[in-house]
Amino acid sequence: MKSFSFFLKTLLAGSFYLQTLTGFAEVVNLQCEHLVAPIGLDATQPRFSWQLKASQSGAKQTAYQISVSTDSLALLKGPGNIWQSPKILSQDQLVIFQGKNLIPFTKYFWKVTIWGSNGVQSAIASFETGMMQSKNWQGAWISDSQDSQNKVAPYFRKTFQNTKKVVSARAYIAVGGLYELSINGQKVSNHRLDPMYTRFDRRNLYVTHDVTSLIQQGKNAIGVLLGNGWYNHQSTAVWYFDKAPWRGRPTFCFDLRIQYSDGTTEVIVSGKDWKTAPSPIIFNSIYTAEHCDARLESIGWNTPNFDDSLWKEVIFRAAPSTQIMAQALHPIRAVEEIATKKLQQFNNKNYVFDLGRNISGVSKITVKGAEGTIIRLKHAERIYDNGHVDQSNIDVHYRPQDDSDPFQTDIFILRGKGEESFMPKFNYKGFQYVEVSSSQPIELTQESLKGYFMHSDVPALGQISSSNPTLNKIWEATNNSYLSNLFGYPTDCPQREKNGWTGDAHIAIETGLYNFDGITIYEKWLADHRDEQQPNGVLPSIIPTGGWGYEWGNGPDWTSTIAIIPWNIYLFYGDKKLLVDNYDNIKRYVDHITDISPNGLTTWGLGDWVPVKSKTPVELTSSAYYFVDTQILAKTAQLLGKKDDFIKYSQLADKIKNTFNQKYLNEATGIYGQGVQTELSVPLYWGLVPDTFKSKVAQNLAKRVEADGNHLDVGLLGTKAILNALSENGYADLAYKVASQESYPSWGWWIVNGATTLYENWPIDAKSDISMNHIMFGEIGGWLYKGIAGIKPDPSQAGFKHILLEPHFVEGLNQFEAKFNAPTGQIISSWQKEQGKITYTVTIPANSKATLQLPSEQGKTILQNKKAVLNPTIPLESGTYIFEINAK
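Now for a look at the structure at hand. (Residues numbered from 1 in each chain as written. Predicted model: local features only at pLDDT ≥ 70, side-chain atom pairs only at ≥ 80, totals over all residues. Heavy atoms only, no water.)

**Some words on the overall build of the chain**
Thought 1: For the chain, the helix and strand inventory stands at 17 helices and 47 strands.
Thought 2: In terms of its C-alpha atoms, the chain occupies a principal-axis envelope of roughly 85 × 70 × 55 Å.
Thought 3: Within the chain, the proportion of its 888 residues that are buried is 61%.
Thought 4: Here the analysis covers contacts within the chain between residues at least 6 apart in sequence; of these, 75% occur between residues at least 24 apart.
Thought 5: For the chain, the accessible area works out to roughly 32800 Å², and carbon and sulfur atoms hold 49% of it.
Thought 6: For the chain, the centre of its 84 positive side-chain charges and the centre of its 85 negative side-chain charges are spaced 5 Å apart. (Helix = DSSP H or I, 4+ residues; strand = E, 2+ residues; numbered from the N terminus. Buried < 20%, exposed > 50% of the residue type's maximum accessible area, 1.4 Å probe, protein only. Contact = heavy atoms within 4.5 Å. Areas by Shrake-Rupley, 256 points an atom, 1.4 Å probe, with all protein chains shown as cover. Lys, Arg positive; Asp, Glu negative; His and termini not counted. Charge placed at Lys NZ, Arg CZ, Asp CG, Glu CD.)

What follows is the structure in structure tokens.
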């Protein structure tokens, strides 16, 4: 029998497997609110989810029961004292809490018991509530006495005595700006850039930390360092971040709740008994860089015995907003340390470091030098022919007022006390190269500088491998760009803007969801949408925003995020919450487009952004997205039981479709508009083409692509449609030819020219719009799962309860494998060609089913276990299957 201490350790890690009565099976990956053992939740009805892992084919769940208790030991033996659901005959693996009202600051344990083909299995996990309501905060909002123009980051500290044994301690901190929290000189957690960016005057996030191990007997010290972030933006750019209506000096509210072994609770709070002083961070900008004067450092400032007699009193501040809510999402971290691959020294004051790949994040330099030596670290994505860094592709929108805030250039002034290191705390950049220049000679080596890849630390779900090295690198580059643009919200680029461009995000949504577990980020970002939406339904083109984006760049081709992202989250996770939360917002948005476009077509939008050469009418693409949004609204209404809305918006979708085809479809030729790639692929992909014309339109698209030399001739919107429109309509071989090209214009063209991320423009030498780390052309990362592996969710059984499988064994590719960890478990779709035979292997996870569609061309035979398969449409239970497709 395993020890109780082992049980507790395992439980804290997330879940604990209890029993198997018959067969081999496990209940695994228990999550609450799509997180493992989260703490500090505000959710009154948290969601529970799990997976079933089994070795037998056909394994499935027939019933489940959820128990919730404050007593973990009692839960092992019997029902929960908070909630005990009945035994429910269902295969659902996502369940909403329906028990007693949860109370703040409480650890709950939940048990899921599964009945099924493998007997009975149970597992236990935990979650913990946070503030739940704003009235439960005891601390005050405090700051120093400086105004928003002051450039120095402030320190704050407080000491307290502890004489009892600590059972648990939680630090709750809400901040206008950014923070680093420490207790007794130790930084709390490995998070970076907390809390996440929101519309600060409407909603703020607080973060909960488990600090039990940091509280010591006797005197303790709490230290808080505040940064500006997007709250007090001092750098100037075309988006007017510095004019945000919420802007103010950084401020915070803090509660430290300590539970002692004698059953008592003490709360240490922010208030007038805290003290403040300037830090050595003399400037910090989330947009540009950070400057630090190490000579100003107060050694030991956050330790108990530091002398703070010269520090000043804090002042009270108003809370930035009335909505202070839990930050329940995967945090930003420095996920990977990257060593310098190449160092070029120009002289003993000038060096250029090359990391060998483009990343989002920061650099860390370790150096010795004389006191007062000024070191500048200039970050860029490319270099000039002479070896110096080149920022001309990323600084075009920066509007500096003077030379005190150079773009992507950290400044570090040495203390002169031996070896020193500097790594920014409140900034990140997009870069591959770092040019170091110093005011006095310094000696640097290749080991003196490292890069740190930073992003929201979302778990990986997908894996692609193939016999085409370039295709593999495209997939890797796409993922690198996706992660480089995930910082609590999806961005366009990590250097020039860091903006939450809506169009980029919905284009890349499937790429994100096939490859990463990003639901918590998107739920947060759709809350940002609700904060930003105008009463008439209008959304800005960048979210969050300080006010820019309501007048330019928005429209259904961009801000369809309000409908497309919740719908895709539902398809992938089987979770309706985002659709429920945003239903009224989607409705207002669609109604606004209808108000300004009563004939069924709209010209509101940007169009097919950054095309190769051919231009598509804005009305065609924007009206297509108007149709998509309306169709999603109708389907959501049906899903949520809103019958009248379902009828109303289904009729509106039909009106848009009919009007669209009356204007743009030439029925005689089967061509939309002028017949360029975007004009043909967008209607095909988004379901606007009447069934009787699909074959003809697809044939015309194929001819057009062939006439374009099997290369792309699309912009952003066409990129989403082109590969899918081909592979879904009988031209998968041609789609692969386009996807695998290595000459201009193509994704492979970037790769063979050294790209490790995706670019913003097809020409490498473009004169504008040439960020080298953009996600907007990233749909190919999702298409690999759909168009080659053939893995798709079934809208009628969302969350991959039923998997639609239609692999394409494309010409020119000898081997391909896609692995995807769906909510029900890992799906594998893999094939290889050898001597005229294709061997296809597929794994369906427990508690899922699939319908496999194999090619049915004349002259092909399909074998399973050496027996002929007569019908190429094959229903599959869970398990692993091997098929052989032979040419006669």
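What follows continues from the structure just given.
**Here we look at the sheet that holds strand β13 (residues 186–187)**
Thought 1: One open sheet accounts for six strands, arranged β13-β12-β16-β10-β19-β22; its pairing is antiparallel. Each end of this open sheet is capped by a strand with a single partner; those strands are β13 and β22 (312–313).
Thought 2: Two strands pair when backbone bridges link them, and strand β19 (residues 275–278) and β22 are joined in this way by two bridges, in the antiparallel orientation. Of the residues in β22, the one forming a bridge with Lys275 is Glu313. (Pairing = 2+ DSSP bridges.)

**Some thoughts on the pairing of strand β47 (residues 879–887)**
Thought 1: With eight bridges connecting them, strand β42 (residues 837–844) and β47 associate as antiparallel partners. What sits directly across from Thr841, in β47, is Ile882.
Thought 2: Direction of pairing for strand β44 (residues 860–864) relative to β47: antiparallel, over a ladder of five bridges. Following the sheet pairing, Ile862 is matched in β47 by Ile885.

**Quick notes on unusual backbone geometry**
Negative phi characterises most residues that are not glycine, and trans characterises most peptide bonds.
Thought 1: Look at the link from Asp194 to Pro195: it is a cis peptide, with omega at -10°.
Thought 2: Following Tyr744, the chain continues into Pro745 via a peptide bond in cis, with omega recorded as -10°.
Thought 3: For His34, which is not glycine, the phi torsion reads 65° and is therefore positive.
Thought 4: Among the structural elements, His34 can be located in the loop between β2 (25–32) and β3 (47–54).

**Describing the environment of Ser363**
Thought 1: Tracing the backbone shows Ser363 in strand β27 (residues 350–367).
Thought 2: For the pair Ser363 and Tyr759, spaced 396 residues apart in sequence, the C-alpha to C-alpha distance is 22 Å.
Thought 3: Discounting chain neighbours no more than four positions away, the residues touching Ser363 are Leu377, His379, Phe422, Met423, Pro424, Phe431, Val434, Leu449, Lys450 and Gly451.
Thought 4: Engagement of the side chain of Ser363 in a polar contact is seen with the side chain of His379, the distance being 2.8 Å. (Polar contact = N/O pair within 3.5 Å; in protein donor to acceptor, adjacent residues only side chain to side chain.)

**Notes on the sheet that holds strand β41 (residues 825–834)**
Thought 1: Taken together, the seven strands give an open sheet; going across it, the order is β35-β40-β41-β42-β47-β44-β45, and neighbouring strands pair in antiparallel fashion. Across the chains shown, the open sheet's two edge strands, defined by having one partner strand only, are β35 (462–466) and β45 (867–868).
Thought 2: Across the sheet, helix α17 (residues 780–788) touches β35, β40 (815–822) and β41, and the angle it forms with β40 is around 105°. (Axes fitted to C-alpha atoms, helices over the stretch in contact; angles between N-to-C directions.)

**Description of the pattern of salt bridges**
Thought 1: Under the definition given, this model contains 38 salt bridges.
Thought 2: Among the salt bridges present, the one from Asp308 reaches Arg157, with a minimum N-O distance of 3.0 Å. Taken as a pair, Asp308 in the loop between β21 (290–293) and β22 and Arg157 in strand β10 (residues 154–162) lie far apart in primary sequence, 151 residues in all.
Thought 3: Residue classification places Arg157 among the buried residues on the basis of a relative accessible area of 1%. (Salt bridge = Lys/Arg side-chain N within 4 Å of Asp/Glu carboxyl O.)

**Some remarks on the pairing of strand β43 (residues 849–853)**
A regular strand places its side chains so that they alternate between the two faces of the sheet.
Thought 1: Burial along β43 is one-sided: Ala850 and Leu852 are buried, while Lys849, Thr851 and Gln853, pointing the other way, are not.
Thought 2: In this sheet, strand β46 (residues 873–876) lies alongside β43 in antiparallel orientation, the contact comprising four bridges. The residue bridging Ala850 from the neighbouring strand is Leu876, located in β46.

**Thoughts on the nonpolar core**
Thought 1: Formed by 198 residues in total, the largest nonpolar core has its most connected members in Val436, Trp747, Ile791, Phe816, Phe820, Tyr840 and Phe883.
Thought 2: Discounting residues that sit within four places of it in the chain, Ile791 has contacts with Tyr514, Tyr785, Lys786, Phe800, Ile803, Leu804, Leu805, Ala818, Phe820, Ile827 and Ser829. (Core = buried A, V, L, I, M, F, W, Y, C linked by side-chain atoms within 4.5 Å.)

**Here's the deal with the environment of Ser614**
Thought 1: Looking at the secondary structure, you find Ser614 in the loop between α9 (577–596) and α10 (618–639).
Thought 2: Using a relative accessible area of 13% as the deciding quantity, one classes Ser614 as buried.
Thought 3: Taking C-alpha positions, Ser614 is 10.0 Å from Gly675, a pair spaced 61 residues apart along the chain.
Thought 4: Each residue touching Ser614, except ones within four places of it in the same chain, is listed here: Val676, Arg704 and Asp713.
Thought 5: Looking at Ser614, its side chain comes within polar contact range of the side chain of Asp713, at 2.4 Å.

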